[in-house]
Amino acid sequence: KLKSTLIERSMVKLTKRIGGLVLRLAAFGAALAAVVVMVTSHERASFFAVSLEAKYTDMASFKYFVIANAVVTVYSFLVLFLPKESLLWKFVVVLDLVMTMLLTSSLSAALAVAQVGKKGNANAGWLPICGQVPKFCDQITGALIAGFVALVLYVFLLLYSLHSVVDPFLLQKS
């Protein structure tokens, strides 16, 4: 009976480790995709004698989105190589929270600007630009979707990290 209990515990630990690794790899991929799609978004359009070039660097919130997702991508990549016995995993919980907040703020800022780009703002006199540069707007939408996926995965990662660090202390049997 003791042997089967030890095998069950090791299987649970292995399953948790693999689950966390898969979550981290997926979050890494989503954040990287958001960066690549946003950085490659640009389009040039001409109206009579006026030329318009739309690129992500024109908007500070899009630049912030790229930087935030790049930071999350690098962090996610580095944490993949952290040994499971390391004492840094308690610090990873805090960093996961910071990365989740960073993704939330950057996605919120980029979504606000994208909404204005798509719909305009009649009160401020801002016209929508997506009719003139649809490829650019489609790429921005794709980057925002990838960023949202990264955010959702990081929320799950945060919950997983909290469970992994706090749970052993709460469920220890005396």
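Rules behind the numbers
- Residues numbered from 1 in each chain as written.
- Predicted model: local features only at pLDDT ≥ 70, side-chain atom pairs only at ≥ 80, totals over all residues.
- Heavy atoms only, no water.
- Helix = DSSP H or I, 4+ residues; strand = E, 2+ residues; numbered from the N terminus.
- Buried < 20%, exposed > 50% of the residue type's maximum accessible area, 1.4 Å probe, protein only.
- Contact = heavy atoms within 4.5 Å.
- Areas by Shrake-Rupley, 256 points an atom, 1.4 Å probe, with all protein chains shown as cover.
- Disulfide = S-S within 2.5 Å.
- Pairing = 2+ DSSP bridges.
- UniProt positions renumbered as here; feature names shortened; annotations may be inferred.
- Expected span 1.5 Å × (residues − 1).
- pLDDT = per-residue confidence, 0-100.
- Salt bridge = Lys/Arg side-chain N within 4 Å of Asp/Glu carboxyl O.
- Phe/Tyr/Trp six-rings, centres within 6.5 Å; stacked < 30°, edge-to-face > 60°.

**Some thoughts on the overall build of the chain**
Of regular secondary structure, the chain possesses four helices and two strands. For the chain, the sequential pattern of α-helices and β-strands runs α-β-β-α-α-α. When the 174 residues of the chain are sorted by exposure, 35% land in the buried category. Looking at the chain alone, contacts between residues at least 24 apart form 78% of all its contacts between residues at least 6 apart. Taken as a whole, the chain presents about 11000 Å² of accessible surface, with 72% of it coming from carbon and sulfur.

**Quick notes on the state of the cysteines**
Enumeration according to the criterion identifies one disulfide in this entry. Through a disulfide, C130 is tied to C137; the S-S separation comes to 2.0 Å. Disulfide C130 to C137: torsion about the S-S bond roughly -95°, handedness left-handed. C137 shares its class with C130; the two are buried.

**Some remarks on the pairing of strand β1 (residues 42-47)**
Taken residue by residue, a regular strand's side chains alternate between the two faces of the sheet. Inspection of the sheet shows β1 paired to strand β2 (residues 50-55) by six bridges, in the antiparallel sense. Bridge pairing in β2 places S46 opposite S51. Between β1 and β2, which pair antiparallel and follow one another directly, the connecting turn spans two residues, one of which, F48, has a positive phi of 50°.

**Brief notes about the UniProt feature "transmembrane region" (unreviewed entry) in the chain**
According to UniProt, the feature "transmembrane region" (unreviewed entry) maps to residues 21-42, 62-82, 94-117 and 143-162 in the numbering used here. The distance from the first to the last C-alpha atom of residues 21-42 is 34 Å, and the span holds 86% helix and 5% strand. Secondary structure over residues 143-162 splits into 100% helix and 0% strand, and the C-alpha atoms at its two ends are 28 Å apart.

**Re helix α3 (residues 89-119)**
The terminal C-alpha atoms of α3 lie 44 Å apart, and with 31 residues this matches the ideal 45 Å at 1.5 Å per residue to within 8%. Burial in α3 covers these residues: W89, V92, V93, D96, M99, T100, L103, S106, L107, A110, A114 and G117. At the exit of α3 stands G120, carrying a positive phi of roughly 75°.

**Some points on the confidence of the model for the chain**
Considering every residue of the chain, the mean pLDDT works out to 87; 88% of them sit at 70 or more. Here β1 stands out as the element of the chain with the lowest mean pLDDT, 82, in contrast to helix α2 (residues 60-79), whose mean of 96 is the highest.

**Some details on the pattern of salt bridges**
Per the counting criterion, the structure on display carries two salt bridges. R24 serves as the salt-bridge partner of D96, at 2.7 Å between the closest nitrogen and oxygen. Of this pair, D96 sits in helix α3 while R24 sits in helix α1 (residues 2-39), and the two are 72 residues apart along the sequence. Its salt-bridge partner being E53, residue R44 comes within 3.5 Å of it at the nearest N-O pair. Residue E53 is classed as partly exposed on the basis of its relative accessible area of 34%.

**So, the packing of aromatic side chains**
Within this structure, the stated rule accounts for two aromatic pairs. Each ring, one from F28 and one from F77, has its centre 5.8 Å from the other, and the planes form 35°; the classification is tilted. Of this pair, F28 sits in helix α1 while F77 sits in helix α2; the two residues are 49 residues apart in sequence, bridging distant segments of the chain. Residue classification places F77 among the partly exposed positions, given a relative accessible area of 40%. Following the ring pairs from residue to residue traces out a cluster consisting of F28, F77 and F81.

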